[in-house]
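What the coordinates show
If you want the building blocks of each chain, they are given just below.
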Amino acid sequence: MTNRQVTAGLYQRVSTTDHDTARQHDANRRAAHAHGWRVVEYCDDGIGASSRSHVKLSGASRPDYRAMRAAVTDGTLGVLVVHDVSRADRQLETWSALLADCRRHGVLIHVTGDDETYDPRKANHWRTLATAGINAESDSLVKGDQIKSGIAYWRSQGHPQGRLTYGIARRR
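Residues numbered from 1 in each chain as written. Predicted model: local features only at pLDDT ≥ 70, side-chain atom pairs only at ≥ 80, totals over all residues. Heavy atoms only, no water.

1. What to know about unusual backbone geometry
How we decide: Starting at the N terminus, helices and strands are each numbered in turn, a helix being any DSSP run of H or I of at least four residues and a strand any DSSP run of E of at least two. Classification of residues uses two cut-offs on accessible area relative to the type maximum, computed with a 1.4 Å probe and protein chains only: under 20% is buried, over 50% is exposed, and between them is partly exposed.
Even without being a glycine, Asp-115 presents a positive backbone phi close to 50 degrees. Positionally, Asp-115 belongs in the loop between β4 (108-111) and β5 (116-118). The exposure class assigned to Asp-115 is exposed, which follows from its relative accessible area of 61%.

And the structure:
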């Protein structure tokens, strides 16, 4: 099989609506072009992957993630391209399932942030990707703890939390 026959699924995601996927998209497109891969794009804008809710854990709230997973298992994709493992998933359980599907179906994973194409059928490549998944969830947990600590501190100081209701203004 030549590179020209390989279909690459480019998956981009940002977790908030005040960010965009342009940087991920550009890097992923450049990588696919450099390898001569045909491109299918998947993008979930403003949809977080690190919620602890069952709905998000199952991927139900990320329609393009579900479509990408289906393309991995039905043989459509030869390579999955992500900017960083955390852009695909910050949940170890679902990242591990995706990694297993890629290994089972012979789908490579190209991480543009690493400028590396991994073959999850190879033990050392699998280990690198699995560790990246552990790190993605760990980073998410640490960040969550920091945010909760900051909120608790400011609440203890009597500061309001969250978005203000329409018509209400903070006094300085």
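After that view, the rundown keeps rolling.
2. Here we look at the pattern of salt bridges
We count it as follows: Should a side-chain nitrogen of Lys or Arg be within 4 Å of a carboxyl oxygen of Asp or Glu, the pair is scored as a salt bridge.
Scanning the model with the defined rule gives five salt bridges in all. With a shortest N-O distance of 3.3 Å, Arg-29 and Glu-41 are connected by a salt bridge. Taken as a pair, Arg-29 in helix α1 (residues 22-35) and Glu-41 in strand β2 (residues 38-44) lie far apart in primary sequence, twelve residues in all. Here Arg-29 falls in the partly exposed class, since its relative accessible area comes to 37%. Taking the shortest distance from any N to any O, the salt bridge between Asp-101 and Arg-104 comes out at 2.6 Å. Note that Asp-101 and Arg-104 are positioned in helix α5 (residues 92-105) at a spacing of three residues, about one turn of the helix. On the accessibility criterion, Asp-101 (11% relative accessible area) is buried.

3. With respect to the side chain of Thr-112
The cut-off we apply is this: What makes two residues a contact is simply this: any of their non-hydrogen atoms within 4.5 Å.
Its location among the elements puts Thr-112 in the loop between β4 and β5. By relative accessible area, Thr-112 is classed as buried at 15%. Discounting chain neighbours no more than four positions away, the residues touching Thr-112 are Ala-27, Asn-28, Ala-31, Val-81, Val-82 and His-83.

4. Some thoughts on α1
Selection criterion: Take the number of residues in a helix, subtract one, and multiply by 1.5 Å to get its expected span. In this context, the arc is that of the directions from the helix axis out to the C-beta atoms.
Helix length check: α1, at 14 residues, gives a terminal C-alpha distance of 20 Å against a target of 20 Å (1.5 Å per residue), a fit within 8%. Turning to α1, its buried residues number three or more, namely Gln-24, Ala-27, Asn-28, Ala-31 and Ala-32. Axial view of α1: buried residues confined to an arc of 130 degrees, hence all on one face. Every exposed residue of α1 that faces more than 90 degrees away from the buried side is listed here: Arg-23, Arg-30, His-33 and Ala-34. Check the buried side of α1 and you find it contacts β1 (7-13), β2, β3 (79-82), α4 (85-88) and β4. After α1 finishes, the residue Gly-36 shows a positive phi value of roughly 75 degrees.

5. Structural notes on the confidence of the model for the protein
Where we set the bar: A score from 0 to 100, pLDDT tells how confident the predictor is in each residue.
Residue-level pLDDT values for the protein average 84, and 83% of them are 70 or greater. Per-residue pLDDT, averaged within each element of the protein, yields its smallest value for helix α2 (residues 54-57) (40) and its largest for β4 (98). Long-range and interchain partners of residues 50-58, a stretch whose pLDDT sits below 50, account for 16 contacts in this model, where long-range means more than four residues apart.

6. Quick notes on helix α3 (residues 63-73)
By the burial criterion, the buried members of α3 are Tyr-65, Met-68, Arg-69, Ala-71 and Val-72. Looking straight down α3, one finds that the buried residues subtend no more than 160 degrees of arc, so they occupy a single side. Each element contacted by the buried residues of α3 is listed here: β1, β2, β3, α4 and α5. Looking one or two residues past α3, Gly-75 carries a phi angle of roughly 85 degrees, positive in sign.

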